[in-house]
Amino acid sequence: MGSVEGYPYSAAMKSASWQWTEETLDAFIASPKAYLPGSQTPFSGLPDAEDRADLIADLKRATR
């Protein structure tokens with residue numbers, strides 16, 4: 001999943017055993033608390049599939 005030293009991840013995030021892929025990221029940003037119960041992210045989600053696809057494409061471009 002990833003980690004940053006000193007960041008206060010929720011117990012749910014710390015114990016998640018999946019890897020970030022486009023599919024898991026899409027599901028997570030659609031509704032973080034539904035995808036990962038116990039997540040304490042303040043982000044409520046991005047319900048529009050096209051908006052999520054655009055965000056994921058932007059993230060892919062930014063990491064090249």
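Look a little higher up for the structure.
Residues numbered from 1 in each chain as written. Predicted model: local features only at pLDDT ≥ 70, side-chain atom pairs only at ≥ 80, totals over all residues. Heavy atoms only, no water.

## Description of the overall build of the protein chain
Stage number 1. Check the secondary structure of the protein chain and you find four helices and zero strands.
Stage number 2. Moving toward the C terminus, one meets the helices and strands of the protein chain in the order α-α-α-α.
Stage number 3. Taken along the three principal axes of its C-alpha coordinates, the protein chain extends 30 × 25 × 20 Å.
Stage number 4. The proportion of buried residues among the 64 residues of the protein chain is 25%.
Stage number 5. Taking the intrachain contacts of the protein chain between residues at least 6 apart in sequence as the baseline, contacts between residues at least 24 apart amount to 26%. (Helix = DSSP H or I, 4+ residues; strand = E, 2+ residues; numbered from the N terminus. Buried < 20%, exposed > 50% of the residue type's maximum accessible area, 1.4 Å probe, protein only. Contact = heavy atoms within 4.5 Å.)

## A short note on the side chain of threonine 41
Stage number 1. Inspection of the secondary structure assignment puts threonine 41 in the loop between helix H3 (32-35) and helix H4 (49-62).
Stage number 2. Once you skip the residues sitting within four places of it in the chain, threonine 41 turns out to touch Phe28, Pro32 and Lys33.

## Some remarks on the pattern of salt bridges
Stage number 1. For the structure on display, the rule yields three salt bridges.
Stage number 2. Measuring nitrogen to oxygen at the nearest pair gives 2.9 Å for the salt bridge that ties lysine 60 to glutamate 22. Of the two residues, lysine 60 is situated in helix H4 and glutamate 22 in helix H2 (residues 22-30); the sequence distance between them amounts to 38 residues.
Stage number 3. Taking the relative accessible area as the measure of exposure, lysine 60 reaches 37% and is therefore partly exposed.
Stage number 4. Between arginine 52 and aspartate 26 there is a salt bridge; the shortest N-O distance is 2.6 Å. A residue pair is termed long-range when its members are at least 10 positions apart, and arginine 52 in helix H4 and aspartate 26 in helix H2 qualify at 26 residues. (Salt bridge = Lys/Arg side-chain N within 4 Å of Asp/Glu carboxyl O.)

## Considerations on the packing of aromatic side chains
Stage number 1. Counted under the stated rule, the structure contains five aromatic pairs.
Stage number 2. Between tryptophan 18 and phenylalanine 28, the aromatic rings sit 6.5 Å apart at their centres with planes inclined by 50°, giving tilted as the arrangement. Within this pair, whereas tryptophan 18 is found in the loop between helix H1 (11-15) and H2, its partner phenylalanine 28 is found in helix H2, the two being separated by ten residues in sequence. Residues tryptophan 18 and phenylalanine 28 agree in their burial class; the two are buried. (Phe/Tyr/Trp six-rings, centres within 6.5 Å; stacked < 30°, edge-to-face > 60°.)

## Observations concerning H2
Stage number 1. Along H2, the residues that are buried comprise Thr24, Leu25, Phe28 and Ile29. Along H2, the residues classed as buried sweep out an arc of 120° about the axis, all on the same side.
Stage number 2. For H2, the elements touching its buried residues are H1, H3 and H4. (Arc of directions from axis to C-beta.)

## A short note on the environment of glycine 2
Stage number 1. Within the element layout of this structure, glycine 2 appears in the segment before H1.
Stage number 2. Between the alpha carbons of glycine 2 and alanine 34 there is a distance of 20 Å; along the sequence they are 32 residues apart.

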